[in-house]
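Residue strings, one per chain:
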Amino acid sequence: MMRLLGRIALPVYFWLFVAWLFVPLFVMAAMGFRDSNFVAFPIQSWTTDWYRSVIEDREIMASLWVSLQVAVLSTVMGLGIGTPMAFMVARFDGVWRAVLIAIIVMPAFIPIVVSAIALRMFIGNFGIDTGILAIAFGHAVSSVPFVVVMLLTRLNSMSANLADAARDLGADEFIVFFRVVLPYLAPALFGALMFCMLLSFEDFTRSFFLGSFDPTFPVLLFARLRFGFDPGLAAISTLVLLVTIVLGLYAERFTRKRAAPGHQGRLAARGDDTNA
Amino acid sequence: MPDSTPAIEVRDIVKSFGEFRAIDNVSLTIESGVFITLLGPSGCGKSTLLRTIAGFLTPDSGAVIVGGRDVTALPPHIRPVNMVFQDYALFPHMSVRRNVGFGCEMKGMTKSDIEARVDAMLELIRLPDVGDREPGALSGGQRQRVALARALAPDPVSLLLDEPLGALDLKLRLELQHELKSIQRTTGKTFVFVTHDQDEAMSMSDLVAVMKDGRIEQLDTPRAIYARPATAFVAGFVGAANMLSGRVVGTDGAALRLEVEGLHWSVPADAVTGGRTVATGDAVTLVIRPEDVIVGPAPGRGELVLPARARTQTFLGGRVHLRCETAAGTALTLEVRPGSVPEGDGAIDLHVAPDAVAILANDKGHS
């Protein structure tokens, strides 16, 4: 009896966890189709009107546009700042490396509210207005640690001999970088890009503190919530969820596909049967 | 270029990493078309020397001359030598063709020339059909061959191979040893091969340089290294060696009289290795290979006889390792035919032909 319990306990626990993750999402998705002004169960009649009204809602579309601009801008900043830093850290070893990583990763551990307020005061002193640029700055601060760590992981898996082999065959430093190192990093760069975009898109706190009168999408949703739930919020959230899942899965697949042959960089192959 | 120009010359190279002297004043001349192996334990400086020739390391002093040209100050991408790495270092995002053609592309060869060269190289390594695959889709042995083709494609003066078979299993390693040797013969290229595996060194090389502590202990043909090791280190590192201590008690012309463990032996004077000479009273070390000992009775004429006590036997199929001990307590390992020596402890006589003994002159204050 105990053995049976032991065997099924973990799977049951796992499926409870899955339900906890997904049931609210399914409920939300269902609400978007409810033909009523209020969010409630049971759903007696169904409609797609909420989706139409959401797409026709200029305020929502404008906020999505703001969010997109912020996401692109902060991603460019995050990658632009993080990539050279990853290369720099990769040159160090031992204690110095640990210290550098600790400094770079720090923003990820500072409470978001604190850093948002600090940034708000900071940009005020520099005469930067609240708005898209300010939010993008804030998001870049939070995404740089992830960029550095993701690129560093990939750089670490790269055999030092790879660049040496290119040099040995006649490539100068410029060619080594653009023909060997950068292509090798591509999967990690792409992963970091997707991560920056998603991180920026979903951020509320920084966007709220650093934003002006044009709200980002999460900030707008929050503002709407104060007037009560309506199935329209469920509809737009479902749309965002779907787009995010599709992009996420694509990024996952792309990264995996590109990363696979890279394993040969290390001494992975022992004998003829590897990768057979 | 006439063959008289050495492919590679290394002159008085010193390279230190902090306090550690990785290469301690090494000079080496490698003639064109030779397969030479730098052999030694890890930390002996063999890889450092190879990377210095390739240009990845700059020596503290000394010169590297490739094909008659001083390249000491040149970066690796300008040097006419190519390297084969232990981990292959194939570019994972390029097809096999692009990998093999990379060096030619860097040389600025035309597309059609590159294609022809790549085809020839893939033919040479007997993998004509893998050109469009990515390195990740190849087996370990195939990758190593592609790495070889990539290094050969730009037609370098010399190929530098840094333990290229180290990551492969034994069977594949033996197969690739043959292939490497045959490719070296076909192409007539100078190969500088680095390994810590003495069998690998012996089976492939025209010349072996045994290295220790950043110096070359002995540079010779594999046979000479085995039969006439210059130092105790070489004797012990290359093959199994039995070593006995002795003393020179007299020289008369072509013979050397020795006292070994209370016995009086006479060996040819040219048994002394490493170009050394010995005088009466000098301490020497005698090196006897396991297979050069015959367990008595039936001594031939003039053979050296050493009484010993048999201890244990290890059966290895076609041969048996017999451990025994001399009267003075020196442990010896002999290689004998199965069944030729009775099992168990017992007094035996060991016979050695005088010309099968190598005599090492002991350094004063040095083991």
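Residues numbered from 1 in each chain as written. Chains lettered and ligands numbered in written order. Predicted model: local features only at pLDDT ≥ 70, side-chain atom pairs only at ≥ 80, totals over all residues.

J.: Would you mind showing me how to read the environment of E31 of chain B here?
T.: Residue and element names in this part refer to chain B. Mapped onto the elements of the fold, E31 is located in the loop between β2 (20–30) and β3 (35–39). Sequence separation between E31 and R228 is 197 residues; the distance between their C-alpha atoms is 22 Å. When sequence neighbours within four positions are dropped, the list of residues in contact with E31 reads P6 and A7. (Helix = DSSP H or I, 4+ residues; strand = E, 2+ residues; numbered from the N terminus. Contact = placed C-beta atoms within 7 Å.)

J.: How should the sheet that holds strand β6 (residues 81–84) of chain B be read in this particular structure?
T.: Strand-to-strand pairing in sheets goes through backbone hydrogen bonds, with the strands running parallel or antiparallel. Residue and element names in this part refer to chain B. An order of β6-β7-β8-β3-β9-β10 is seen for the six strands of this open sheet, with the pairing classed as mixed. The open sheet has two edge strands with one neighbour each: β6 and β10 (215–220). Recorded for the sheet is a direction-independent mean angle of 20 degrees between the axes of neighbouring strands. Each of β6 and β7 (158–162) is contacted by helix α4 (residues 140–152), which is oriented at about 175 degrees to β6, the strand it contacts most. (Pairing = 2+ DSSP bridges. Axes fitted to C-alpha atoms, helices over the stretch in contact; angles between N-to-C directions.)

J.: I would appreciate a short explanation of the nonpolar core in the present structure.
T.: Generally speaking, soluble globular proteins have nonpolar side chains that are buried together. L151 of chain A together with I53 and V192 of chain B are the most contacted members of the largest nonpolar core, which totals 139 residues. At 12 residues, the largest contribution of residues to this core is made by helix α6 (residues 132–157) of chain A. Aside from chain neighbours lying at most four places away, what touches V192 of chain B is I8, I30, I36, L38, L50, I53, S158, L160 and L161 of chain B. Counting residues in hydrophobic clusters, the runner-up holds 11 residues, among them W50, V54, F217 and L233 of chain A. (Core = buried A, V, L, I, M, F, W, Y, C linked by C-beta atoms within 7 Å. Buried ≥ 20, exposed ≤ 12 C-beta atoms within 10 Å, placed from the backbone.)

J.: Is there a simple way to explain the environment of G43 of chain B in this structure?
T.: In this structure, G43 of chain B sits in the loop between β3 and α1 (46–54). With 21 residues separating them along the chain, G43 of chain B and A22 of chain B place their C-alpha atoms 7.3 Å apart.

J.: Even after reading the chapter, I still don't get helix α3 (residues 111–124) of chain B, so can you show me in this structure?
T.: Because an α-helix packs 3.6 residues into every turn, residues spaced three or four apart end up facing the same way. Residues and elements named next belong to chain B. Compared with the 20 Å implied by 1.5 Å per residue over 14 residues, the 20 Å span of α3 between its first and last C-alpha is a close match. Residues I114, R117, V118, M121 and L122 constitute the buried set of α3. Down the axis of α3, the sector holding all buried residues measures 135 degrees, keeping them to one side. The exposed residues of α3 that point more than 90 degrees off its buried face are S112 and E123. Lining the buried residues of α3 we find α2 (96–106) and α4. (Expected span 1.5 Å × (residues − 1). Arc of directions from axis to C-beta.)

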